Amino acid sequence: MKLEMKKFFAALSALAIMSLVAVGCKGKDPKPNPDPNPQKTATITVKKGGKDVTNLELSVGDKVAISTNAASAPEGLIVNSSTGAFEVKADPAGIVEVSKTEIVAKAAGEAKVIFSAGEAKVEVAVKVKKTEEAKFDPKNFLGNELYVPQRKFSDMKNWKAELVNAYGSNGWNFTAYKDDPDSKTAFLFVPNDGTQSVFGAVGYYHNPQSGPTFIIASAGFKLGFWSKEKQEKILTAFGFTADQQLDGKLKDGTPAASGVNQDRGLDGLLYMQKKKSPQGEEYEHLTLQVTEVENAPSSSLHTRAAFKVLRK
């Protein structure tokens, strides 16, 4: 009997110990095992306007912004990958030029733009058409670098093909402003390396935030360049020889000059702003603003203001 009681109490002790061990081991739920190979399980999407993108049709010179944030490129492609990173390449090369921030149509043809994250990928078929073969008249150049078609400024949004061909013949390249990668506001042209020019950029504001459509040409010069003599020389070089007003100021005090190209019915407003280069060196930034005479705000410099422009 005593032996049986000992066995009974021994069994109870064993159960108590097992119970304590079980309670002590309960703790927190174990963490799920990490993905052993996230590259194999990665996902990636390419969307525009909330819809998946499988193909694009572009013209030579067109640009499409790429971003991972819809707010920063509402008109562009939005890439979302589960890994937080992605790669992009074009096949074959030469039709489009790609980076993680944009697609640039370089030549007519067809190509694939391949977005990838790990082993996941999305292919976007891109068809690039030749820029419309719009005729241009070299006589429409004011000076050697300011092309103004014999068309109404109100139709400027339809000037692109003619401008691309005109500037292409003159050693200039179609590009875009940083704040306007899809050229929704303006068409921007810059000279190629080695091309001699007075101005370093010409912008055609076909859809300005306010006011009439206009053209600007701009460049930077060393301090001391701005003078009555230089103002007259620049205005005259581009045909703004009538009704010249020199060494004046706009209503905000900006140094300015102006003139009229009577043959073309154009008003030219030239103004200077002091700016600093990325290296901190101060320089004089000159801008020639061109509008149709009928849309020139005023003939008196001291009552005029420069139109708002984008960052180059």
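What you are looking at is a predicted structure, and each value in this text was computed from that prediction instead of being measured.

1. As for the confidence of the model for the protein chain
Next up, step 1: Model confidence for the protein chain is summarised by a mean pLDDT of 87, while 86% of its residues fall at 70 or above.
Next up, step 2: Mean pLDDT values for the elements of the protein chain range from 46 in helix α1 (residues 2-26) up to 98 in strand β15 (residues 201-205).
Next up, step 3: Taken as a whole, residues 5-9 scores under 50 in pLDDT and shows 0 contacts with residues more than four places along the chain or in a different chain.
Next up, step 4: Within the model, the stretch residues 14-27 combines pLDDT values under 50 with 0 contacts to residues more than four positions away or in other chains.

2. A few points about unusual backbone geometry
Next up, step 1: A cis amide bond, omega -5 degrees, links D91 with the succeeding residue P92.
Next up, step 2: When you line up the elements, P92 lands in the loop between β6 (87-91) and β7 (96-98).
Next up, step 3: Of note, the phi angle at S183 is positive, near 55 degrees, even though the residue is not glycine.
Next up, step 4: Position of S183 among the secondary structure elements: in the loop between β13 (172-175) and β14 (186-191).
Next up, step 5: Even without being a glycine, D243 presents a positive backbone phi close to 50 degrees.
Next up, step 6: Structurally, D243 is set in strand β17 (residues 242-249).
Next up, step 7: Here D243 falls in the exposed class, since its relative accessible area comes to 57%.

3. Thoughts on the sheet that holds strand β19 (residues 266-276)
Next up, step 1: Spatial ordering of the open sheet is given by β13-β14-β15-β16-β20-β19-β18-β17, a layout of 8 strands whose pairing is antiparallel. Every interior strand has two partners, whereas the edge strands, β13 and β17, have only one. Across the sheet, the axes of successive neighbouring strands diverge by a mean angle of 20 degrees, strand direction being ignored.
Next up, step 2: Note: strand β18 (residues 255-261) against β19, 6 bridges, orientation antiparallel. Note that in β19 the partner of V260 across the bridge is D267.
Next up, step 3: Relative to β14, helix α2 (residues 160-168) is tilted by about 5 degrees, and along the sheet it contacts β13, β14 and β15.
Next up, step 4: Against the sheet, helix α3 (residues 228-237) engages β17, β18, β19 and β20 (282-292), with an angle of about 145 degrees to β17.

4. Here's the deal with the side chain of T291
Next up, step 1: With respect to the helices and strands, T291 occurs in strand β20.
Next up, step 2: For T291, a relative accessible area of 1% corresponds to the buried category.
Next up, step 3: Filtering out sequence-adjacent residues up to four positions away, T291 remains in contact with F153, T213, F214, G265, L266, D267, A296 and F307.

5. Quick look at the pattern of salt bridges
Next up, step 1: Under the definition given, this model contains 11 salt bridges.
Next up, step 2: The shortest N-O distance in the salt bridge between K100 and E87 comes to 3.5 Å. Of this pair, K100 sits in the loop between β7 and β8 (102-105) while E87 sits in strand β6; the two residues are 13 residues apart in sequence, bridging distant segments of the chain.
Next up, step 3: Given a relative accessible area of 48%, E87 falls into the partly exposed group.
Next up, step 4: One network of salt bridges, in which partners are shared, links K112, K121 and E123.

6. Topic: the packing of aromatic side chains
Next up, step 1: In this structure the tally under the stated criterion is 17 aromatic pairs.
Next up, step 2: Ring centres 6.3 Å apart and planes at 75 degrees place the aromatic pair F136 and Y147 in the edge-to-face group. One end of the pair, F136, is in the loop between β10 (120-129) and β11 (141-142); the other, Y147, is in strand β12 (residues 146-147), with 11 residues separating them in the sequence.
Next up, step 3: Here Y147 falls in the buried class, since its relative accessible area comes to 0%.
Next up, step 4: Centre to centre, the rings of F174 and F187 are 6.4 Å apart; their planes meet at 65 degrees, and the pair counts as edge-to-face. Taken as a pair, F174 in strand β13 and F187 in strand β14 lie far apart in primary sequence, 13 residues in all.

Reading guide: rules and limits
Residues numbered from 1 in each chain as written. Predicted model: local features only at pLDDT ≥ 70, side-chain atom pairs only at ≥ 80, totals over all residues. Heavy atoms only, no water. pLDDT = per-residue confidence, 0-100. Helix = DSSP H or I, 4+ residues; strand = E, 2+ residues; numbered from the N terminus. Contact = heavy atoms within 4.5 Å. Buried < 20%, exposed > 50% of the residue type's maximum accessible area, 1.4 Å probe, protein only. Pairing = 2+ DSSP bridges. Axes fitted to C-alpha atoms, helices over the stretch in contact; angles between N-to-C directions. Salt bridge = Lys/Arg side-chain N within 4 Å of Asp/Glu carboxyl O. Phe/Tyr/Trp six-rings, centres within 6.5 Å; stacked < 30°, edge-to-face > 60°.

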